[in-house]
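# A structural walkthrough
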Amino acid sequence: MTERPAPPKMKSRKGQAEERPRVGAPRRIADLMPAIGAAAFRKFGFVQSSIVTRWAEIVGPHYAEISEPESIRFPAGKKAGGTLQLTVMSGHAPMIQHVLPDIIDRVNRFFGYAAVARVAMKQGMIRATEPERRPPPRNLKPIPVELGDSLRDIGDPELRAVLESLAQGLANSSGLPKIG
């Protein structure tokens, strides 16, 4: 009789894991969070989550204190001409109603197309959000003497301050700027 060759010995899973190189690098949680938040925002009617996070920039700090977006509902199969649901503090609805065309214009300018055609308001409580305050960056290195002397001759104090800030930034930088 002919003998069959012995089957190759199976390696344990532990041995396989040690031999196999890792194909993907570890990822930071911060890289994963926008995708997780985007799915939740989309579920509750937001095409773009930044309308909530940047509401004060879109409508201005005064209106952001008394209103906040709740959702944007679009007609079936369309991504334009939607209805923005706003929650407005009690007693401020008449004032907001007068500036609705301006709010619609600002939101559409933010999106870059006519995403919102109308606004539906309801009265409710608004969460008070404190703007994030960061201390100004410390100047690590003094302005180089040759740049400082040439800046003293500039008569306009605003221009001199901006140019000093630019010179300070160039003095503190190391290498080419990183974009992205």
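Nothing here was measured: the structure is a model prediction, and the numbers come from that model.

## Section: the packing of aromatic side chains
Under the defined criterion, the tally for this structure stands at two aromatic pairs. Ring geometry for F110 versus F111: centroids 5.8 Å apart, planes at 70°, classification edge-to-face. On the basis of relative accessible area, F110 is assigned to the partly exposed category, the value being 24%. Ring centres 6.1 Å apart and planes at 55° place the aromatic pair F111 and Y113 in the tilted group. For F111, a relative accessible area of 14% corresponds to the buried category. Three or more aromatic residues joined by ring pairs make a cluster, and in this case those are F110, F111 and Y113.

## Let's talk about the sheet that holds strand β2 (residues 82-88)
Taken in spatial order, the three strands make up an open sheet running β1-β2-β3, and their pairing is mixed. Strands at the two margins of the open sheet, each flanked by one partner only, are β1 (67-73) and β3 (116-123). Looking at each pair of strands side by side, their axes are set apart by 25° on average, direction ignored. Two elements, β1 and β2, share six bridges in a ladder whose sense is antiparallel. Across the sheet, S71 pairs through a bridge with Q85, a residue of β2. Each of β1, β2 and β3 touches helix α7 (residues 100-111); the most contacted strand, β3, lies at about 125° to it.

## Some thoughts on α7
Relative to the 16 Å expected for twelve residues at 1.5 Å per residue, α7 spans 16 Å between its end C-alpha atoms, a close match to the ideal helical length. In the segment just after α7, G112 is the residue with positive phi, at about 95°.

Thresholds, definitions, all that
- Residues numbered from 1 in each chain as written.
- Predicted model: local features only at pLDDT ≥ 70, side-chain atom pairs only at ≥ 80, totals over all residues.
- Heavy atoms only, no water.
- Phe/Tyr/Trp six-rings, centres within 6.5 Å; stacked < 30°, edge-to-face > 60°.
- Buried < 20%, exposed > 50% of the residue type's maximum accessible area, 1.4 Å probe, protein only.
- Pairing = 2+ DSSP bridges.
- Helix = DSSP H or I, 4+ residues; strand = E, 2+ residues; numbered from the N terminus.
- Axes fitted to C-alpha atoms, helices over the stretch in contact; angles between N-to-C directions.
- Contact = heavy atoms within 4.5 Å.
- Expected span 1.5 Å × (residues − 1).

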